[in-house]
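# Structural features, examined
Each chain, written out:
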Amino acid sequence: MEKIKNYINGEMINPISNTYIDNYNPSTGEVYSLIPDSNEEDVDLAVKSAQAAFPTWSKTSKEKRSIILQKLATLIEDNLDRFAEAESKDNGKPLKLSKTVDIPRAAANFNFYATGVLHYASEAHAMEDMAINYTLREPIGVCGCISPWNLPLYLFSWKIAPALAIGNTVVAKPSEVTPYTAYLLSELCIEAGLPKGVLNIVHGLGHKVGAAITKHPDVPVISFTGGTITGSEIARTAAPMFKKLSLELGGKNPNIIFDDCDFDKALKTTIHSSFANQGQICLCGSRIFVQRGIYEKFKTAFVEKVERLKVGNPFDEDSNLGAVVSQSHMEKVLSYVTLAEEEGGTVLTGGNQVHLDGDQKNGYYIAPTIIEGLSFDCRTNQEEIFGPVVTIMPFDTEEEVLMMANSTKYGLAATVWTQDVTKAHNVAAKLHAGIVWVNCWLLRDLRTPFGGVKNSGVGREGGFNAFEFFTEPKNVCIKL
Ligand code: NAD
């Protein structure tokens, strides 16, 4: 069986312990490759190689760094089919999604930051005729980048690209649930001519590899995307060591649909924002609030259209939903359907595992699920499910829906549907969220700040925010 390798000091190598863990294909339930079960020793080796590479890479001109990273982006584009197939096999997501979103976006991340660094400038503050201050923005050193399984290469590259472009070196850990495209990326880094040790990828379990990166004394920066509980564990370790920390965590995003919305657009996009990637996007809207005047009409049309979605083999062109990422995740998601029923909810459609035939008979498939009749403050409506399960609730007033929308401990994203521009501004301003989409969803401009409030995270990625995070500002004051 194929063994995935770590990428340390420019070489693809086995873990020091020479032990491995199983890598599952969620669409078939079968083990198809082996992941290094790396430990602290592998992380230490990676940190040493990143440390050794830092002085040269940080002094390499930004133009040269940019050329290498753009080459990496081009290589990803050239390998689109291979990467997309690998991503779908590893994660269970429909191939058309990997081909049109995940892999193109990974290439775009490298391109965006490789070119962005050429335009990045720091500030100057003149004090009339007394003095001039200017701010140097210096790369910090070895950055630890830890990413989740839902958008594997997309989120992995979203961290690595700005860290490298601005002159840091990196020790990165992809999710052990979806390691494969990060492994393929290692090959392309070598082909692109990325100098040895600039990027190091260590595979393995979160509590071993992730924890070893987090607590390593020579890794002063940690950029993490994943669950809120893991984020709090990382913060507990990193805070007393005064590390720079960026945390992109979970969500429980509201979709607010007012009576005066463009009904067809709201309906079409809500299907997408509920079930894209099997609902496993941190930005998916999982609590759908519909104003009472159109509640019944919306509910009926929503259920009818969702029942037409096809759950199937991710490699079939006509599959709308593929497999969820793992057996344990499938069980967790389905346990929330049981909880919802216990809490008084009615399953309008879905709510069950889908059993496919042939090679897919042991895959992890869930029918897209809509639940009604729950109170806004029950557990089903407060906890992150992160699967193809949404709830739908009526509301009467703006005030009421804002209270319900803001009632969770999370604050990542929200979507608002209305034709009234004043209402849109008012509601957007009052929502507890880092990102608000009005009359759209997941429309992304990479220059915008990305991140959440409350338990959805600390800090912002995106645009020059990422360069600010991955550099240390130094003010120089010169008396005139
Ligand atoms: P997770 O927290 O279980 O794992 C994320 C990463 O952290 C993995 O690489 C994992 O191995 C590692 N890890 C686990 N324990 C660790 C530890 N003790 N120390 C250091 N690293 C550790 O999350 P997941 O299940 O992979 O991803 C799903 C979660 O990610 C959801 O909550 C989702 O909302 C969130 N997410 C957030 C965003 C965002 O931008 N806010 C984006 C995508 C996913």
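Computed from a predicted structure; not experimentally measured.

Take the environment of Ser328 next. Mapped onto the elements of the fold, Ser328 is located in helix 11 (residues 327–342). Each C-alpha atom of the pair Ser328 and Thr74 lies 36 Å from the other, and the pair is 254 residues apart in sequence.

Much of the literature gives interface size as the accessible area that the parts lose upon coming together. Segmenting the chain into domains produces domain 1 (2–249 + 456–479) and domain 2 (253–446). Inter-centroid distance (C-alpha atoms) of domain 1 to domain 2 is 30 Å. Contacts between domain 1 and domain 2 engage 31 residues on the former and 30 residues on the latter. Counting the surface domain 1 buries against domain 2, the share from its top three residues, Ser27, Trp149 and Ser456, is 22%. Taken together, the connections running from domain 1 to domain 2 amount to zero salt bridges. Across the domain 1-domain 2 interface, the total number found is 12 residue pairs in polar contact (both at pLDDT 80 or more).

Here we take up the packing of helix 3 (residues 80–91) against helix 6 (residues 180–192). Running from N to C, helix 3 and helix 6 point in directions that differ by 155°, and their axes come no closer than 8 Å. For the element pair helix 3 / helix 6, the angle class is roughly antiparallel. Here Arg82, Phe83, Ala86, Glu87 and Asp90 of helix 3 lie close against helix 6, whose contacting residues are Tyr180, Thr181, Leu184, Leu185, Glu187 and Leu188. For the contact of helix 3 with helix 6, the residue count by class is six nonpolar, one polar and four charged.

Attention shifts here to the side chain of Asn25. Along the chain, Asn25 falls in strand 4 (residues 20–25). Separated by 2.7 Å, the side chains of Asn25 and Ser27 make a polar contact. With residues up to four places along the chain from it excluded, the contact list for Asn25 reads Glu30, Tyr32 and Lys89.

What counts and how
- Residues numbered from 1 in each chain as written.
- Predicted model: local features only at pLDDT ≥ 70, side-chain atom pairs only at ≥ 80, totals over all residues.
- Heavy atoms only, no water.
- Helix = DSSP H or I, 4+ residues; strand = E, 2+ residues; numbered from the N terminus.
- Domains from an automatic or database assignment.
- Contact = heavy atoms within 4.5 Å.
- Buried area = accessible area lost by both parts, 1.4 Å probe.
- Salt bridge = Lys/Arg side-chain N within 4 Å of Asp/Glu carboxyl O.
- Polar contact = N/O pair within 3.5 Å; in protein donor to acceptor, adjacent residues only side chain to side chain.
- Axes fitted to C-alpha atoms, helices over the stretch in contact; angles between N-to-C directions.
- Parallel < 35°, antiparallel > 145°, perpendicular 65-115°, else oblique.
- Nonpolar A, V, L, I, M, F, W, Y, C, P; charged D, E, K, R; others polar.

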